[in-house]
Amino acid sequence: MTSPALERLGYRPYFIGHFTAHEAPGRVPARVITEHRGAYRVLGDEGERWAAITGKLRHEAQSPIDFPAVGDWVVLDANPDPQGRAVIHAVLPRRTEFIRRAAGNEGKPQVVAANVDYVFLVSSLNRDFSPRRLERYLALVRESGAEPVIVLSKSDLVDPGPAIEQAAAVARGVAIHALSSLSGDGLDVIRGYLRDDSTGVLLGSSGVGKSTLINRLLGEERLATKPIRDTDDTGRHATVRRELVLLPEGGILIDTPGMREIGLWEGSSGIDEAFDDIATLAAQCKFTDCHHESEPGCAVRAAVEAGSLKEDRLASYKNLREEQDRLEMMADARARAEEKGKLRTTARALRSHLQKKRG
Ligand SMILES: Nc1nc2c(ncn2[C@@H]2O[C@H](COP(=O)(O)OP(=O)(O)OP(=O)(O)O)[C@@H](O)[C@H]2O)c(=O)[nH]1
Ligand SMILES: [Mg+2]
Ligand SMILES: [Zn+2]
């Protein structure tokens, strides 16, 4: 079951297939375009509306990533609840999901965008560009299943040449595009990615011009933007929530608030993919558990000494690996605690059952 409107929203055979498991009278698919305090703005055949999740869905969610996220396809009951909202019965399995560890100490995972084909990693040429941050982002995108694209913004202010070269050193084959939303240079390349109603998400620090780029592609000032001040870089964000936007010439973009910190999430295959040069070398080290410090027969150190691998790239790789190891340890500890909790609950249930029997 599909329609031109749903196709325009990126409804593909993958989702159509998963929807069949939920087929029932009154149930329709819709895509989450934004979220506000636990309410979801969804778009489908019947246009835009607010929706809320069922108590069952809330109850069964084991982690924040089980809740709907912007970009998700959901199963909607079109009959409104007493507050006039549609009801979300289920989240269809995601084709891709970009997860980060949320800011703050809690370290909970957060789905930044679901079901995107492309992750545009935006850095501004005039002040923001950092190869180290790019490496971190690339590892996360590799983990998401989406294709990364490196975007260097504000090319009207700075010659992009040097930054393109620096980006190329860490890009490992990922496409790099310089553009300017002011002059319009390079915007056609972005349009090109989104043909066939693909979905992209824009990620990057506050002020790099994510919302300005979308406005330019929209041909109207729909999203709020804000000039960056030189003196006070405390980064008050112009964009406060993630939002999915349909572009007039086809394609879908998700705008996001600028990210100050972006933590890795569990699953480390992304790091090895983003650092495939180092992973390939490491496979040739004498010891399989080589830390590439001072072990004999270390192919990674040898490459650094020979000048074919940059020391700071290796440092960045090790940093991310360590962060990943810590996360995995935390996850193990969490799993053990949960297991203990379950045992306690079972024991308690058994005791009360026995008491009832006796009483
Ligand atoms: N010179 C120049 N300025 C730009 C360009 N794109 C955006 N800007 C300016 O950069 C500032 C920040 O733009 P925004 O679009 O608000 O940045 P953002 O990435 O959405 O920021 P957050 O929403 O806070 O994450 C605004 O003053 C824009 O006018 C560009 O291509 N060239
Ligand atoms: Mg913005
Ligand atoms: Zn080694």
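One can find the structure itself at the top, above this paragraph.
Described below are features of the structure shown in this document. Keep in mind the model is a prediction, meaning the values are calculated, not measured.

Rules and cut-offs
- Residues numbered from 1 in each chain as written.
- Chains lettered and ligands numbered in written order.
- Predicted model: local features only at pLDDT ≥ 70, side-chain atom pairs only at ≥ 80, totals over all residues.
- Heavy atoms only, no water.
- Phe/Tyr/Trp six-rings, centres within 6.5 Å; stacked < 30°, edge-to-face > 60°.
- Helix = DSSP H or I, 4+ residues; strand = E, 2+ residues; numbered from the N terminus.
- Buried < 20%, exposed > 50% of the residue type's maximum accessible area, 1.4 Å probe, protein only.
- Contact = heavy atoms within 4.5 Å.
- Donors = N, O, S within 2.8 Å, 3.2 Å for Na, K, Ca; no water.
- Patch = residues over 30% accessible without salt bridge, like charges linked within 9 Å, V, L, I, M, F, W, Y side chains within 5 Å.
- Areas by Shrake-Rupley, 256 points an atom, 1.4 Å probe, with all protein chains shown as cover.
- Salt bridge = Lys/Arg side-chain N within 4 Å of Asp/Glu carboxyl O.
- Lys, Arg positive; Asp, Glu negative; His and termini not counted.
- Charge placed at Lys NZ, Arg CZ, Asp CG, Glu CD.
- Core = buried A, V, L, I, M, F, W, Y, C linked by side-chain atoms within 4.5 Å.
- Tetrahedral: all angles 85-135°; square planar, octahedral: opposite > 155°, others 65-115°.
- Near = heavy atom within 4 Å.
- Polar contact = N/O pair within 3.5 Å; in protein donor to acceptor, adjacent residues only side chain to side chain.
- Nonpolar A, V, L, I, M, F, W, Y, C, P; charged D, E, K, R; others polar.

Side note on the packing of aromatic side chains
Geometrically, a pair of aromatic rings is defined through the distance of the ring centres and the angle of the planes.
And then number 1: Enumeration according to the criterion identifies 7 aromatic pairs in this entry.
And then number 2: An angle of 35° between the planes, with centres 6.0 Å apart, marks the rings of Phe 15 and Trp 73 as tilted. Within this pair, whereas Phe 15 is found in helix H2 (residues 13–19), its partner Trp 73 is found in strand S4 (residues 73–77), the two being separated by 58 residues in sequence. For the residue pair Phe 15 and Trp 73, the accessibility class agrees, reading buried in each case.
And then number 3: Ring-pair connections join several aromatic residues into one group, and the members of that group are Tyr 11, Tyr 14, Phe 15 and Trp 73.

What about the side chain of His 292?
And then number 1: Here His 292 is to be found in the loop between helix H9 (276–282) and helix H10 (299–306).
And then number 2: Ignoring anything within four residues of it in the chain, the contact list for His 292 reads Ala 282, Cys 285, Cys 298, Val 300, Arg 301 and Lys 318.

What to know about the coordination of the magnesium ion (ligand 2)
And then number 1: Protein coordination of the magnesium ion (ligand 2) is provided by Ser 211 (OG) and Thr 239 (OG1), with donor distances spanning 2.0 to 2.1 Å. Pair noted here: Ser 211 is in helix H7 (residues 210–218) and Thr 239 is in the loop between H7 and strand S12 (243–246), with a separation of 28 residues, a long-range link. Neither Ser 211 nor Thr 239 differs from the other in exposure class; each is buried.

Quick look at a positive patch on the surface
And then number 1: Residues Arg 336, Lys 340, Arg 344, Arg 348 and Arg 351 make up a contiguous surface patch of positive charge.
And then number 2: Tracing the sequence through the fold places Arg 348 in helix H11 (residues 311–358).

Details of the nonpolar core
And then number 1: With 57 residues, the main nonpolar core has Val 119, Leu 121, Leu 134 and Leu 203 as its most contacted residues.
And then number 2: For this core, the element with the most residues is helix H4 (residues 131–144), which contributes 6 residues.
And then number 3: The residues touching Leu 121, leaving out its near neighbours within four places in the chain, are Leu 134, Tyr 137, Leu 138, Val 141, Val 149, Ile 150, Val 151 and Leu 203.
And then number 4: Listed in part, the 20 residues of the second largest apolar core include Phe 120, Tyr 193, Ile 214 and Leu 218.

Considerations on the coordination of the zinc ion (ligand 3)
And then number 1: Around the zinc ion (ligand 3), the protein supplies Cys 285 (SG), Cys 290 (SG), His 292 (ND1) and Cys 298 (SG) as donor atoms, at distances of 2.2 to 2.4 Å.
And then number 2: Coordination at the zinc ion (ligand 3) is tetrahedral: its 4 donor atoms span angles of 104 to 119° at the metal.

Brief notes about H10
And then number 1: For H10, every residue scored as buried is listed here: Ala 299, Val 300, Arg 301, Ala 303 and Val 304.
And then number 2: Directly after H10, the chain includes Gly 307, whose backbone phi takes a positive value near 85°.

Description of the site of ligand 1
And then number 1: Around ligand 1 lies a shell of 22 residues, among which Asp 156, Ser 206, Lys 210, Thr 212 and Thr 239 are the nearest.
And then number 2: At 2.5 Å, a side-chain N or O of Thr 212 approaches an oxygen atom of ligand 1.
And then number 3: Ala 238 is positioned such that a nitrogen or oxygen atom in its backbone is 3.0 Å from an oxygen atom of ligand 1.
And then number 4: Burial of ligand 1 by the protein chains amounts to 88% of its free accessible area of 650 Å².
And then number 5: For the shell around ligand 1, a count of residues per class yields 6 nonpolar, 12 polar and 4 charged.

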